[in-house]
Amino acid sequence: MNDKIGHNSNYNPKETIQKNFNRRKPIVDRDPQIFNGVPLPSWIELSLIDACNRSCDFCPKVDENIAPNTYNKMEFSLIDKLCSDLKKINFKGAFCLCGYGEPLLHKDYLNIVNKLSEVSPVEIITNGDVLNKETLKKIYESNASRLLISLYDGPEQLEKFTAMVKETDIPEDFVILRDRWYSDKIDFGVKLTNRTGTINIGNQPEININKKCYYTAYQVLIDWNGDFFLCPQDWQRRISMGNIMQKDFFDIWNGKLLSKYRKKLLNGDRSINPCNKCNAEGTVLGEKHYLAWKDINN
């Protein structure tokens, strides 16, 4: 039986998932930075635009009632404010442009990349649909640290983008091609989660509210309008921890609301909303950040 959505291949989705974790390990599994006695995050995910040109079955964007394309986009003034806040605390982690939409649909994404790169490395995750040789060269010539292209259609995309990289004479290690064209029988080639009770397709893990989660110890997600969320799992944007246009980044990161969630999650208590609806593993990355926070809380 063919589980590749109409494609015959010998690709292994588990290897792709592991490579996805491995690319982040050098950043999020190192000893965390400490500022004023507080461990800082190592990973900041930015959602530049609330729109995607695709609607994948395993993504909340498949349901317009849950995640409609609003086309709201992040303003450059927000990027300026974020960079200013992060320079104050000497942030040395990394940025990832992904979030709730396709980042390359934001017309100013290259200027955003270059501004963010004044603080830390910036990687871009895209479905590749708007990429051609010209845009690929522009991204490489910007200050982006890496480009990840998720391939949803089939192995022919692997051939297409491999050829495109060679023809533009871009170093192979700058572009990571991720095979994601598999069927629901093997979880589409991604590490499936229910996005805090939003998606139920595929072989979903059971929800366990008595399980530790490290997300709040090492990463955050910032939406197009500056809302600061617990993690990229909360696709329904249920509870904002604050807004960076109204407060400094560090004040939100170390604020009472996020600290309340963090303490519970690091102690294996997911009973609070929206975490009580989440089935994400939560402990694959960020163990050293977890231990640093545990030292403080004890």
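Everything below is about the structure shown above.
Presented here is an overview of the structure given in this document.

Conventions and cut-offs
Residues numbered from 1 in each chain as written. Predicted model: local features only at pLDDT ≥ 70, side-chain atom pairs only at ≥ 80, totals over all residues. Heavy atoms only, no water. Helix = DSSP H or I, 4+ residues; strand = E, 2+ residues; numbered from the N terminus. Polar contact = N/O pair within 3.5 Å; in protein donor to acceptor, adjacent residues only side chain to side chain. Contact = heavy atoms within 4.5 Å. Salt bridge = Lys/Arg side-chain N within 4 Å of Asp/Glu carboxyl O. Buried < 20%, exposed > 50% of the residue type's maximum accessible area, 1.4 Å probe, protein only. Core = buried A, V, L, I, M, F, W, Y, C linked by side-chain atoms within 4.5 Å. 1 Å grid on protein atoms, 1.4 Å probe; cavity = no way out; pocket = protein on both sides within 12 Å on 5 of 7 lines; lining within 4 Å. Points joined across faces, edges and corners; volume = space filled by probe spheres on them. Nonpolar A, V, L, I, M, F, W, Y, C, P; charged D, E, K, R; others polar.

What follows deals with the side chain of Thr-126. Position of Thr-126 relative to the elements: it lies in strand β5 (residues 122-126). Here Glu-102 takes part through its side chain, which lies 2.8 Å from a polar atom of the side chain of Thr-126. In terms of polar contacts, Thr-126 uses its side chain to reach the backbone amide nitrogen of Gly-128, at 2.9 Å. Each residue touching Thr-126, except ones within four places of it in the same chain, is listed here: Glu-102, Leu-104, Leu-131, Leu-147, Leu-148, Ile-149 and Ser-150.

So, about the pattern of salt bridges. Under the definition given, this model contains 20 salt bridges. When the shortest N-O distance is used, the salt bridge between Asp-85 and Lys-81 registers 2.6 Å. Note that Asp-85 and Lys-81 are positioned in helix α2 (residues 76-88) at a spacing of 4 residues, about one turn of the helix. For Lys-81, the salt bridge identified is with Asp-248, shortest N-O distance 3.7 Å. Of this pair, Lys-81 sits in helix α2 while Asp-248 sits in the loop between β9 (228-229) and α7 (249-253), placing them 167 residues apart in sequence. By relative accessible area, Asp-248 is classed as partly exposed at 27%. Taken together, the shared-partner salt bridges connect Asp-50, Lys-61, Asp-223 and Arg-237 into one network.

To continue, consider the nonpolar core. Ranked by internal contacts, the top residues of the largest apolar core, which has 70 residues, are Leu-46, Phe-95, Leu-116, Ile-222, Phe-228, Phe-249 and Trp-253. At 5 residues, α2 tops the list of elements feeding residues into this core. In contact with Phe-228, not counting residues within four places along its chain, are Val-220, Leu-221, Ile-222, Ser-240, Met-241, Gly-242, Ile-244, Phe-249, Ile-252, Trp-253 and Leu-258. Membership of the second largest hydrophobic core comes to 10 residues, among which are Cys-59, Ala-67, Leu-192 and Trp-235.

One can find Ile-252 in helix α7. When the C-alpha atoms of Ile-252 and Phe-228 are compared, they prove to be 7.9 Å apart, with 24 residues separating the residues in sequence. Every residue in contact with Ile-252, bar those within four places of it in the chain, is listed here: Phe-228, Met-241, Gly-242, Asn-243, Ile-244, Lys-247 and Leu-258.

One pass over the structure, following the stated rule, counts 1 cavity of 30 Å³ or more. The space that makes up the largest cavity amounts to roughly 110 Å³. Along the lines of polarity and charge, the residues of the lining of the largest cavity split into 9 nonpolar, 2 polar and 2 charged.

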